[in-house]
Amino acid sequence: CNLVRGVDTKWFVEAHQFRIDTGDGLGRPTPEGAHRDSVDFVAVILVDRVNITGGETRVFDYNGPNGQRFVLRAPWSLLFMEDARVIHESTPIRRAVEVRAGHRDTLVLTYRANAFIGED
């Protein structure tokens, strides 16, 4: 982060843990759809996927049509994004085996220079 903003930058980091479950048959990791987080950087870390299908991650260039689509499958996989340059979302998840519960756990770290959102 300091390579982008300079070594004197004070970083404000928030950690958000998310469990999206399939209790109602469908789990929505990003119910707001494709979005930006209004921070400088976002790290999405997959902690675990249990009995689910779906959850495709989509990251697109904010100023154009280029993008990537992929599924984070391995625990501790990391996606790191510069928030101003991309929009991102994850598709809904469903149970792979209908009679068993399913969930997707992620840890999302947001990095913002100089202040938390709403403090500047």
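Residues numbered from 1 in each chain as written. Predicted model: local features only at pLDDT ≥ 70, side-chain atom pairs only at ≥ 80, totals over all residues. Heavy atoms only, no water.

Caption draft 1: Spotlight on the sheet that holds strand 4 (residues 52–54). A sheet is described by the order of its strands in space; here three strands give the open sequence 2-9-4, paired in antiparallel fashion. Across the chains shown, the open sheet's two edge strands, defined by having one partner strand only, are strand 2 (26–27) and strand 4. Note that strand 2 and strand 9 (residues 93–95) share two bridges and pair antiparallel. Its bridge partner lying in strand 9, Leu-26 is registered against Arg-94. (Pairing = 2+ DSSP bridges. Helix = DSSP H or I, 4+ residues; strand = E, 2+ residues; numbered from the N terminus.)

Caption draft 2: Spotlight on the nonpolar core. Of all hydrophobic cores here, the largest spans ten residues; its members are Val-39, Val-42, Val-44, Leu-46, Val-59, Leu-72, Leu-79, Met-81, Val-86 and Val-108. Contributing elements (two or more residues each) for this core: strand 3 (41–50) and strand 7 (78–82). Broken down by element, the residue count for this core peaks at three residues, all from strand 3. Among residues more than four places away in sequence, those in contact with Val-44 are Leu-72, Ser-77, Leu-78, Leu-79, Met-81, Thr-106, Leu-107 and Val-108. Trp-11, Phe-41, Ala-43 and Leu-109 belong to the second largest nonpolar core, which has seven residues in total. (Core = buried A, V, L, I, M, F, W, Y, C linked by side-chain atoms within 4.5 Å. Buried < 20%, exposed > 50% of the residue type's maximum accessible area, 1.4 Å probe, protein only. Contact = heavy atoms within 4.5 Å.)

Caption draft 3: Molecular detail of the side chain of His-35. For His-35, the position within the fold is in the loop between strand 2 and strand 3. A polar side-chain atom of His-35 sits 3.4 Å from a polar atom in the side chain of Glu-32. Only 3.3 Å separates the side chain of His-35 from the side chain of Asp-37, close enough to count as a polar contact. If sequence neighbours within four positions are ignored, His-35 has contacts with Thr-30, Ile-87 and His-88. (Polar contact = N/O pair within 3.5 Å; in protein donor to acceptor, adjacent residues only side chain to side chain.)

Caption draft 4: Representation of the pairing of strand 10 (residues 103–113). Across the eleven residues that make up strand 10, a large majority, ten, are buried. In the sheet, strand 1 (residues 11–21) pairs with strand 10 via eleven bridges, with the strands oriented antiparallel. Looking at the pairing, Gln-17 lines up with Leu-107 of strand 10. Strand direction decides the pairing type here: strand 3 and strand 10, joined by nine bridges, are antiparallel. Bridging from a neighbouring strand, Val-50 pairs with His-103 of strand 10.

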